[in-house]
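Commentary on secondary and tertiary structure
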Amino acid sequence: MSVNNLNQHQVRTREEYKKAVQKVKEEKTEVKPQKIKAAAPKGKERVRIRLIPIWLRLVLLVVFVFISLMAGAVVGYGVLGGGKAADVFKESTWTHIRDLVDKK
């Protein structure tokens, strides 16, 4: 069991953790009010630059889902079903499967 330096309080979010750390720092060091105004200019926020943009993540997600579905169909039809794996990409296979499902 580790020792928590923040008065044995379990922090649940980043914001709570940052506030708790800031509070501990303020308690340890005494800063004059004049220096606080000069040190922290208003309006400057940290901008996060993503390595992979969100639109590209969505496109990659769709591509990977499509590839996973095709790989699952090949394994299911070719390996488990006992058919030829290349037959999954033929239209006649899917019409036959659709006819079996819709048969009444």
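These notes cover the structure that comes with them. A quick note: this is a predicted structure, and the numbers were derived from the prediction, not measured. (Residues numbered from 1 in each chain as written. Predicted model: local features only at pLDDT ≥ 70, side-chain atom pairs only at ≥ 80, totals over all residues. Heavy atoms only, no water.)

Quick look at the overall build of the protein chain now. Scanning the protein chain from terminus to terminus reveals four helices and zero strands. Along the protein chain, from the amino end to the carboxyl end, the secondary structure elements read α-α-α-α. Buried residues in the protein chain amount to 8% of all 104 residues. For the protein chain, the accessible surface area stands at approximately 10600 Å², while carbon and sulfur atoms represent 60% of it. (Helix = DSSP H or I, 4+ residues; strand = E, 2+ residues; numbered from the N terminus. Buried < 20%, exposed > 50% of the residue type's maximum accessible area, 1.4 Å probe, protein only. Areas by Shrake-Rupley, 256 points an atom, 1.4 Å probe, with all protein chains shown as cover.)

The next point concerns a positive patch on the surface. Taken together, the side chains of Arg14, Lys18, Arg46, Arg48, Arg50 and Arg57 define a basic patch exposed on the protein surface. You can see Lys18 is positioned in helix 1 (residues 14–28). (Patch = residues over 30% accessible without salt bridge, like charges linked within 9 Å, V, L, I, M, F, W, Y side chains within 5 Å. Salt bridge = Lys/Arg side-chain N within 4 Å of Asp/Glu carboxyl O. Lys, Arg positive; Asp, Glu negative; His and termini not counted. Charge placed at Lys NZ, Arg CZ, Asp CG, Glu CD.)

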